2 protein chains.
Amino acid sequence: MSPLADDLGFLLSRASGLVVRATNESLAEIGLRVRPYSVLVLACDHEGGISQRDLAAALGLDPSQVVALVDELAGRGLVRRAPSPDDRRTKLVAATARGRELRERAAQLAGAGGRRQLGRLTAAEQATLRDLLARVVADPA
Amino acid sequence: MSPLADDLGFLLSRASGLVVRATNESLAEIGLRVRPYSVLVLACDHEGGISQRDLAAALGLDPSQVVALVDELAGRGLVRRAPSPDDRRTKLVAATARGRELRERAAQLAGAGGRRQLGRLTAAEQATLRDLLARVVADPA
DNA sequence: TATTGTTATACTCTATAACTATA
DNA sequence: TATAGTTATAGAGTATAACAATA
């Protein structure tokens, strides 16, 4: 008999929706949205490139969803697909110089967008929230 | 090592996605999903009915999205639309007896679904999470 | 046989614009 | 003029199934 405003699942999806929307609005200035941005971040942070399978796992997406995201970034010259030297099935997605350059600006914009909602919490509270959510999200393996 | 794993916005949308999916899977047994379920809850908790405009505000949706949700529940005889005595533009959405009956089972199922992810936190931690999210979500007015 | 990337498809969600009937 | 509900539409997100190349 708990009212909706106390429902953790509802609060979670509401908070997520607001933060994603605010972040998308900030990223619009450089023609990015949250999903492609997160792909760019992962590509930048893996020097030798990251396979689409690993990309999908890191983002919690199905590999089939990753294709269009990489296509979009590759079409803009922000990442490129390179065949893996170890396994010819695998394509390694790596950031280009332009991609790395844009990533810095993107990170600033994304941060500013998120703060429109999350700035209501102190730094300590944000850290608490981060720890709690990390445990909710963690793979129980 | 993943930098995204420290991003609060990413964690939020990931956690929300997992909880919503688990809840939808649980609710599938009675042919409901999270959104229609939340409408049913609000209809049940407002004895005299709630206007679609207030429903939209409470759920953070556009009024146009509420129409199909109410249609679906009304089509199953779980809620009904009644004209407001005060304003003939307004329709009050109220739960039927069948709606109230199903709501109890639905709440059990939704709770069980959410616990598949949120049960990793103690009750105290869940309360902390609830308070933090409530502040992120709150209207700053 | 199993896995990586891919295509295809369908359904849900989100976001707007515009219309109607009331106020 | 403004508001409540509605219709319509388009784009983004989610979920599966199946296929080709490779392991």
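Every value quoted in this text rests on a predicted model; they were computed, and no experiment measured them.

> Can you lay out the interface of chain A and chain B for me, pointing to particular residues and giving the numbers?
Across the contact, 41 residues belong to chain A and 41 residues belong to chain B. A combined buried area of about 4,100 Å² lies between chain A and chain B, and 71% of that area is made up of carbon and sulfur atoms. Of all residues in chain A, the largest losses of buried area upon contact with chain B belong to Leu 8, Arg 120 and Val 136 of chain A, amounting jointly to 16% of the total for that side. Summed over the shared surface of chain A and chain B, the number is two salt bridges. As a salt-bridge pair, Arg 135 of chain A and Glu 125 of chain B come within 2.7 Å of each other at their nearest N and O atoms.

> Could you give an account of the pattern of salt bridges, with specific residues and numbers?
Residues and elements named next belong to chain B. Under the defined criterion, the tally for this structure stands at 16 salt bridges over all chains. Between Glu 29 and Arg 105 there is a salt bridge whose closest N-O contact spans 2.7 Å. Within this pair, whereas Glu 29 is found in the loop between α1 (8-27) and α2 (34-45), its partner Arg 105 is found in helix α5 (residues 97-118), the two being separated by 76 residues in sequence. Glu 29 sits in the exposed class, given a relative accessible area of 56%. Of the charged contacts in the structure, one is a salt bridge between Glu 47 and Arg 100, with a shortest N-O distance of 3.9 Å. Pair noted here: Glu 47 is in the loop between α2 and β1 (50-51) and Arg 100 is in helix α5, with a separation of 53 residues, a long-range link. On the basis of relative accessibility, which here comes to 28%, the residue Arg 100 falls in the partly exposed class.

> Could you give me a rundown of the protein's contact with DNA strand C, with the residues and numbers involved?
Close to DNA strand C lie 19 residues, the nearest being Gln 52, Arg 53, Arg 81 and Lys 91 of chain A together with Arg 35 of chain B. Atoms of DNA strand C within 4 Å of the protein: sugar and phosphate make up 67%, bases the balance. Between Arg 35 of chain B and DNA strand C, the recorded distance is 2.5 Å, taken from a side-chain N or O atom to a phosphate oxygen. The set of elements that each furnish at least two residues to the surface near DNA strand C consists of α3 (52-59) and α4 (63-75) of chain A together with α4 (63-75) of chain B. Sorting elements by how many residues they give to the surface near DNA strand C places α4 of chain A first, with three residues. Partitioned by chemical class, the residues of the surface near DNA strand C number two nonpolar, six polar and eleven charged.

Rules and cut-offs
- Residues numbered from 1 in each chain as written.
- Chains lettered and ligands numbered in written order.
- Predicted model: local features only at pLDDT ≥ 70, side-chain atom pairs only at ≥ 80, totals over all residues.
- Heavy atoms only, no water.
- Contact = heavy atoms within 4.5 Å.
- Buried area = accessible area lost by both parts, 1.4 Å probe.
- Salt bridge = Lys/Arg side-chain N within 4 Å of Asp/Glu carboxyl O.
- Helix = DSSP H or I, 4+ residues; strand = E, 2+ residues; numbered from the N terminus.
- Buried < 20%, exposed > 50% of the residue type's maximum accessible area, 1.4 Å probe, protein only.
- Near = heavy atom within 4 Å.
- Polar contact = N/O pair within 3.5 Å; in protein donor to acceptor, adjacent residues only side chain to side chain.
- Nonpolar A, V, L, I, M, F, W, Y, C, P; charged D, E, K, R; others polar.

As far as function goes, none of this settles anything; it's purely spatial.
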